[in-house]
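Residue strings, one per chain:
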Amino acid sequence: MAVLASGRGSNLQALMDAIAEGTLEADIVGVFSDRSKAVALQRARDAGIPARSLAPKAFASRAEFDAALFAAADEARPDLIVCAGYMRLIDAAVVDARPGRIINIHPSLLPEFKGLHTHQQALDAAATEHGASVHFVTADLDGGPVIAQARVPVLPGDDADTLAARVLEREHPLLVETVRWLAAGRIALAEDGIQVDGVASPPLQLA
Ligand code: GAR
(Lines give C-alpha, C1' and ligand atoms only; values in the text may rest on other atoms or scores of the structure.)
Protein backbone atom coordinates (compact mmCIF):
# COMPACT_ATOMS: atom_id res chain seq x y z
CA MET A 1 0.00 0.00 0.00
CA ALA A 2 0.90 3.65 -0.34
CA VAL A 3 -0.07 5.89 2.58
CA LEU A 4 -1.11 9.54 2.28
CA ALA A 5 -0.77 11.61 5.44
CA SER A 6 -0.78 15.32 6.27
CA GLY A 7 0.33 15.42 9.89
CA ARG A 8 1.20 13.47 13.01
CA GLY A 9 1.04 10.04 11.38
CA SER A 10 -0.07 7.93 14.33
CA ASN A 11 -2.28 5.83 12.06
CA LEU A 12 0.65 5.33 9.70
CA GLN A 13 2.70 4.27 12.72
CA ALA A 14 0.07 1.71 13.69
CA LEU A 15 0.32 0.17 10.20
CA MET A 16 4.13 0.16 10.31
CA ASP A 17 4.15 -1.40 13.80
CA ALA A 18 1.71 -4.16 12.81
CA ILE A 19 3.83 -4.99 9.75
CA ALA A 20 7.03 -5.00 11.85
CA GLU A 21 5.38 -7.26 14.43
CA GLY A 22 4.27 -9.66 11.70
CA THR A 23 0.56 -9.25 12.45
CA LEU A 24 -0.22 -7.51 9.15
CA GLU A 25 0.95 -9.15 5.95
CA ALA A 26 1.44 -6.10 3.80
CA ASP A 27 4.10 -3.63 2.72
CA ILE A 28 4.11 0.14 2.70
CA VAL A 29 5.73 1.06 -0.62
CA GLY A 30 5.74 4.81 -0.02
CA VAL A 31 4.37 7.63 2.10
CA PHE A 32 3.18 10.82 0.42
CA SER A 33 2.17 14.15 1.87
CA ASP A 34 0.94 17.61 0.98
CA ARG A 35 3.04 19.02 3.84
CA SER A 36 6.82 18.83 3.86
CA LYS A 37 6.87 19.13 7.65
CA ALA A 38 4.42 16.30 8.32
CA VAL A 39 5.70 14.13 11.16
CA ALA A 40 4.38 11.18 9.16
CA LEU A 41 7.18 11.67 6.61
CA GLN A 42 9.84 11.41 9.30
CA ARG A 43 8.18 8.33 10.79
CA ALA A 44 8.36 6.69 7.35
CA ARG A 45 11.99 7.65 6.76
CA ASP A 46 12.93 6.35 10.22
CA ALA A 47 11.47 3.01 9.15
CA GLY A 48 13.30 3.05 5.82
CA ILE A 49 10.17 3.72 3.78
CA PRO A 50 10.43 6.17 0.84
CA ALA A 51 8.65 9.39 1.77
CA ARG A 52 7.86 12.36 -0.41
CA SER A 53 5.92 15.60 -0.21
CA LEU A 54 4.53 17.80 -2.95
CA ALA A 55 3.50 21.40 -2.29
CA PRO A 56 -0.05 22.20 -3.42
CA LYS A 57 1.03 25.82 -3.98
CA ALA A 58 3.38 24.70 -6.73
CA PHE A 59 0.40 23.59 -8.85
CA ALA A 60 -2.13 25.68 -10.75
CA SER A 61 -5.16 23.76 -9.50
CA ARG A 62 -6.26 21.06 -7.08
CA ALA A 63 -6.79 18.73 -10.02
CA GLU A 64 -3.18 19.17 -11.16
CA PHE A 65 -1.82 18.72 -7.64
CA ASP A 66 -3.85 15.57 -7.07
CA ALA A 67 -2.87 14.13 -10.45
CA ALA A 68 0.81 14.67 -9.58
CA LEU A 69 0.56 13.29 -6.04
CA PHE A 70 -1.30 10.18 -7.12
CA ALA A 71 1.04 9.69 -10.10
CA ALA A 72 3.93 9.75 -7.61
CA ALA A 73 2.12 7.20 -5.45
CA ASP A 74 1.33 5.01 -8.49
CA GLU A 75 5.03 4.87 -9.37
CA ALA A 76 5.47 2.79 -6.22
CA ARG A 77 2.86 0.36 -7.66
CA PRO A 78 0.56 0.08 -4.64
CA ASP A 79 -2.49 -2.20 -4.73
CA LEU A 80 -4.14 0.08 -2.19
CA ILE A 81 -3.85 3.77 -1.30
CA VAL A 82 -4.59 4.53 2.36
CA CYS A 83 -5.48 8.06 3.42
CA ALA A 84 -4.41 8.15 7.07
CA GLY A 85 -4.90 11.67 8.32
CA TYR A 86 -4.72 13.07 4.79
CA MET A 87 -6.55 16.37 5.12
CA ARG A 88 -7.22 17.42 1.53
CA LEU A 89 -10.19 16.83 -0.71
CA ILE A 90 -9.24 14.62 -3.62
CA ASP A 91 -10.17 15.49 -7.18
CA ALA A 92 -13.04 13.40 -8.51
CA ALA A 93 -11.17 12.37 -11.67
CA VAL A 94 -8.32 10.95 -9.60
CA VAL A 95 -10.73 9.04 -7.38
CA ASP A 96 -12.87 7.78 -10.27
CA ALA A 97 -9.76 6.42 -12.00
CA ARG A 98 -9.02 4.17 -9.00
CA PRO A 99 -12.35 2.56 -8.00
CA GLY A 100 -12.07 0.48 -4.83
CA ARG A 101 -8.37 1.24 -4.45
CA ILE A 102 -8.43 4.27 -2.12
CA ILE A 103 -9.57 4.09 1.50
CA ASN A 104 -9.77 6.76 4.19
CA ILE A 105 -10.04 6.71 7.97
CA HIS A 106 -12.47 9.30 9.29
CA PRO A 107 -13.02 10.14 12.96
CA SER A 108 -16.79 9.66 13.19
CA LEU A 109 -19.44 7.00 12.75
CA LEU A 110 -20.25 7.85 9.15
CA PRO A 111 -22.66 8.96 7.76
CA GLU A 112 -22.74 11.09 10.92
CA PHE A 113 -20.38 14.07 11.19
CA LYS A 114 -18.62 14.39 7.86
CA GLY A 115 -15.92 16.99 7.31
CA LEU A 116 -13.85 18.64 10.03
CA HIS A 117 -14.12 19.01 13.83
CA THR A 118 -16.01 15.74 14.09
CA HIS A 119 -15.54 15.41 17.86
CA GLN A 120 -17.01 18.84 18.48
CA GLN A 121 -19.81 18.00 16.04
CA ALA A 122 -20.61 14.89 18.09
CA LEU A 123 -20.63 16.87 21.35
CA ASP A 124 -22.79 19.61 19.84
CA ALA A 125 -25.28 16.98 18.67
CA ALA A 126 -25.31 15.43 22.19
CA ALA A 127 -24.34 12.07 20.69
CA THR A 128 -24.00 9.29 23.26
CA GLU A 129 -21.88 7.20 20.94
CA HIS A 130 -19.06 8.22 18.61
CA GLY A 131 -16.22 6.48 16.84
CA ALA A 132 -14.30 6.07 13.62
CA SER A 133 -14.96 4.67 10.16
CA VAL A 134 -12.81 3.36 7.35
CA HIS A 135 -14.48 3.85 3.98
CA PHE A 136 -13.80 3.58 0.29
CA VAL A 137 -13.04 7.00 -1.13
CA THR A 138 -15.42 8.08 -3.86
CA ALA A 139 -16.08 11.50 -5.36
CA ASP A 140 -18.63 12.05 -2.56
CA LEU A 141 -16.66 13.64 0.35
CA ASP A 142 -16.63 11.25 3.34
CA GLY A 143 -19.57 9.59 1.61
CA GLY A 144 -18.06 6.45 0.07
CA PRO A 145 -19.21 3.02 1.27
CA VAL A 146 -18.13 2.31 4.85
CA ILE A 147 -16.02 -0.81 5.27
CA ALA A 148 -15.59 -0.95 9.03
CA GLN A 149 -16.32 1.04 12.16
CA ALA A 150 -15.26 1.15 15.81
CA ARG A 151 -17.48 2.69 18.50
CA VAL A 152 -16.74 4.49 21.74
CA PRO A 153 -19.08 6.00 24.33
CA VAL A 154 -19.30 9.75 24.79
CA LEU A 155 -18.82 10.25 28.54
CA PRO A 156 -20.09 13.03 30.81
CA GLY A 157 -17.49 15.78 31.00
CA ASP A 158 -15.95 14.94 27.60
CA ASP A 159 -14.52 17.77 25.56
CA ALA A 160 -13.31 17.50 21.97
CA ASP A 161 -9.81 16.54 23.14
CA THR A 162 -10.79 13.73 25.51
CA LEU A 163 -13.18 12.37 22.92
CA ALA A 164 -10.57 12.60 20.15
CA ALA A 165 -8.10 10.66 22.30
CA ARG A 166 -10.65 7.90 23.02
CA VAL A 167 -11.49 7.62 19.33
CA LEU A 168 -7.84 7.68 18.20
CA GLU A 169 -7.03 4.72 20.44
CA ARG A 170 -9.60 2.73 18.49
CA GLU A 171 -8.61 4.12 15.09
CA HIS A 172 -5.26 2.36 15.12
CA PRO A 173 -6.54 -1.23 15.49
CA LEU A 174 -9.50 -0.38 13.23
CA LEU A 175 -7.26 0.71 10.37
CA VAL A 176 -4.88 -2.22 10.79
CA GLU A 177 -7.74 -4.73 10.88
CA THR A 178 -9.45 -3.18 7.86
CA VAL A 179 -6.25 -3.34 5.82
CA ARG A 180 -5.89 -6.98 6.93
CA TRP A 181 -9.34 -7.78 5.47
CA LEU A 182 -8.50 -5.91 2.27
CA ALA A 183 -5.10 -7.58 1.94
CA ALA A 184 -6.82 -10.95 2.31
CA GLY A 185 -8.99 -10.01 -0.66
CA ARG A 186 -12.20 -10.37 1.35
CA ILE A 187 -13.63 -6.87 0.82
CA ALA A 188 -14.78 -5.31 -2.44
CA LEU A 189 -16.45 -2.07 -3.42
CA ALA A 190 -19.90 -2.80 -4.84
CA GLU A 191 -22.42 -0.62 -6.64
CA ASP A 192 -24.19 0.42 -3.47
CA GLY A 193 -21.94 -0.55 -0.57
CA ILE A 194 -19.39 -3.22 0.17
CA GLN A 195 -19.15 -6.93 -0.37
CA VAL A 196 -17.55 -9.25 2.15
CA ASP A 197 -16.52 -12.60 0.67
CA GLY A 198 -18.58 -11.76 -2.41
CA VAL A 199 -21.80 -11.00 -0.52
CA ALA A 200 -23.36 -7.56 0.07
CA SER A 201 -22.68 -6.62 3.68
CA PRO A 202 -23.22 -3.82 6.17
CA PRO A 203 -20.02 -2.24 7.55
CA LEU A 204 -17.90 -4.53 9.72
CA GLN A 205 -18.10 -3.60 13.39
CA LEU A 206 -14.62 -4.03 14.78
CA ALA A 207 -13.60 -4.04 18.41
C1 GAR B 1 -7.11 10.90 12.69
O2 GAR B 1 -7.95 11.12 13.78
C3 GAR B 1 -7.90 10.68 11.42
O4 GAR B 1 -9.08 9.95 11.62
C5 GAR B 1 -8.22 12.10 11.03
O6 GAR B 1 -7.05 12.83 11.30
C7 GAR B 1 -6.34 12.19 12.36
C8 GAR B 1 -4.94 11.91 11.89
O9 GAR B 1 -4.16 11.43 12.94
N10 GAR B 1 -8.61 12.20 9.67
C11 GAR B 1 -9.47 13.10 9.21
O12 GAR B 1 -9.99 13.93 9.92
C13 GAR B 1 -9.75 13.01 7.73
N14 GAR B 1 -10.75 13.93 7.35
P15 GAR B 1 -2.74 10.79 12.64
O16 GAR B 1 -2.01 11.75 11.70
O17 GAR B 1 -2.07 10.71 13.98
O18 GAR B 1 -2.96 9.44 12.00
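A quick note: this is a predicted structure, and the numbers were derived from the prediction, not measured.

1. Concerning the UniProt feature "active site" (unreviewed entry) in the protein chain
Here comes step 1: When the UniProt feature table is mapped onto this chain numbering, "active site" (unreviewed entry) sits at His106.
Here comes step 2: Within the secondary structure, His106 is located in strand S5 (residues 102-106).
Here comes step 3: Every residue in contact with His106, bar those within four places of it in the chain, is listed here: Phe113, Lys114, Gly115, Thr118, Ala132, Ser133, His135 and Asp142.
Here comes step 4: A distance of 2.8 Å separates a polar side-chain atom of His106 from the backbone oxygen of Phe113.

2. Some remarks on the packing of helix H1 (residues 10-21) against helix H6 (residues 160-183)
Here comes step 1: Relative orientation of the contacting elements H1 and H6 amounts to 50 degrees, with a least axis distance of 9 Å. Classed by the angle they form, the pair H1 and H6 counts as oblique. Here H1 runs over H6; the crossing is right-handed. Residues Ser10, Asn11, Ala14, Leu15 and Ala18 of H1 form the contact with H6, whose own contacting residues are Leu168, Glu171, His172, Leu175, Val176 and Val179.
Here comes step 2: Residues of the contact of H1 with H6, tallied by class, amount to 7 nonpolar, 3 polar and 1 charged.

3. Describing the nonpolar core
Here comes step 1: Ranked by size, the top nonpolar core spans 46 residues in total, and within it Leu15, Val82 and Ile103 carry the most contacts.
Here comes step 2: Within the residue set of this core, elements represented by two or more residues are H1, helix H2 (39-46), S5, strand S6 (129-136), strand S7 (146-153), H6 and strand S9 (193-196).
Here comes step 3: Among the elements that line this core, the one with the most residues is H6, at 8 residues.
Here comes step 4: Among residues more than four places away in sequence, those in contact with Ile103 are Leu80, Ile81, Val82, Cys83, Val134, His135, Phe136, Val137, Ile147, Leu175, Val179 and Leu182.

4. As for the packing of H1 against H2
Here comes step 1: Running from N to C, H1 and H2 cross one another at 20 degrees; their axes reach a closest spacing of 9 Å. Classed by the angle they form, the pair H1 and H2 counts as roughly parallel. The two elements H1 and H2 meet at a crossing, and its hand is right-handed. Taking contact as the criterion, the partners of Ser10, Leu12, Gln13 and Met16 in H1 are, on H2, Ala40, Arg43 and Ala44.
Here comes step 2: Of the residues contributing to the contact of H1 with H2, the split by class is 4 nonpolar, 2 polar and 1 charged.

Thresholds, definitions, all that
Residues numbered from 1 in each chain as written. Predicted model: local features only at pLDDT ≥ 70, side-chain atom pairs only at ≥ 80, totals over all residues. Heavy atoms only, no water. UniProt positions renumbered as here; feature names shortened; annotations may be inferred. Helix = DSSP H or I, 4+ residues; strand = E, 2+ residues; numbered from the N terminus. Contact = heavy atoms within 4.5 Å. Polar contact = N/O pair within 3.5 Å; in protein donor to acceptor, adjacent residues only side chain to side chain. Axes fitted to C-alpha atoms, helices over the stretch in contact; angles between N-to-C directions. Parallel < 35°, antiparallel > 145°, perpendicular 65-115°, else oblique. Left-handed = near helix turned anticlockwise from the far one by under 90°. Nonpolar A, V, L, I, M, F, W, Y, C, P; charged D, E, K, R; others polar. Core = buried A, V, L, I, M, F, W, Y, C linked by side-chain atoms within 4.5 Å. Buried < 20%, exposed > 50% of the residue type's maximum accessible area, 1.4 Å probe, protein only.

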